[in-house]
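Listed below are the residues making up each chain.
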Amino acid sequence: MKNMRQIVTKTVIAKGKKRTEDTVNLRPPNSPTSILGCWVINHTHQAKKVGKYIEVTGKFDVNVWYSHQDHSKTSVFTESIPYKDRIRLHYRDEPTSGHEEVIVDVIQHPNCTEAVISECGEKFCITIERELVAEVVGETKVCISVHPQSFEEEWKFSDESSSHEPGHSHSRNQGPVHDNKKGKESSSF
């Protein structure tokens, strides 16, 4: 045991992922005749850890371009949509301290997958998908084996110069050159 050490380090101790598909109903000021386009912009979010979950609170704007008054006029209707997602965490390590950092990455920003006019003809029914990944970074302990200094083998270093002397070739990849007449090693430098 005397050659074992515990190191406290930061690591991802828990992860979670959630894909959500919601349908929102929006009522424009004019009765729509047809939907010409729909897009989702301005997504923002905040996250905090609540027990074994990450709670993500966010919002985004839904813009619907539509025709009204029997296809004689067009308008863009915009509404801000709030949401709250709970992402269940799966732990790999239990934290060793209470100082944890929450990181939420957006895999899929809120995106319109379907936009239709409701049966009553007064509303838009917009289906929106999003996907989030949450990570909790905290301190954990890592156990390592420590070996005495003498365990490491000796390193050999040779002098190396980056400058060339005039009249001498400089090659780093050649090994020692043997002079058979004298029986001694001579360098190619």
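It should be emphasised that the depicted structure is a prediction, and the values quoted were computed from it without experimental measurement.

The rules behind these values
Residues numbered from 1 in each chain as written. Predicted model: local features only at pLDDT ≥ 70, side-chain atom pairs only at ≥ 80, totals over all residues. Heavy atoms only, no water. Phe/Tyr/Trp six-rings, centres within 6.5 Å; stacked < 30°, edge-to-face > 60°. Helix = DSSP H or I, 4+ residues; strand = E, 2+ residues; numbered from the N terminus. Buried < 20%, exposed > 50% of the residue type's maximum accessible area, 1.4 Å probe, protein only. Pairing = 2+ DSSP bridges. Axes fitted to C-alpha atoms, helices over the stretch in contact; angles between N-to-C directions.

1. Examining the packing of aromatic side chains
For the coordinates displayed, the defined rule picks out three aromatic pairs. A centroid spacing of 5.2 Å and a plane angle of 65° characterise the contact between Y66 and F124, whose relative ring orientation is edge-to-face. Within this pair, whereas Y66 is found in strand β3 (residues 53–68), its partner F124 is found in strand β7 (residues 124–145), the two being separated by 58 residues in sequence. With relative accessibility at 0%, the residue F124 sits in the buried group. Measuring from ring centre to ring centre gives 6.5 Å for F77 and F124, while their planes differ by 45°; the resulting arrangement is tilted. In this pair, F77 is assigned in strand β4 (residues 73–88) and F124 in strand β7, connecting sequence segments 47 residues apart. In this pair, the class of F77 matches that of F124, namely buried.

2. Regarding the sheet that holds β3
Across the sheet, three strands lie side by side as β2-β3-β4; this open sheet has antiparallel pairing. Looking at strand neighbours, the two that pair on one side only are β2 (32–50) and β4, the edges of this open sheet. Each strand of the sheet is rotated relative to its neighbour by a mean of 15°, with strand direction disregarded. Two strands pair when backbone bridges link them, and β3 and β4 are joined in this way by 16 bridges, in the antiparallel orientation.

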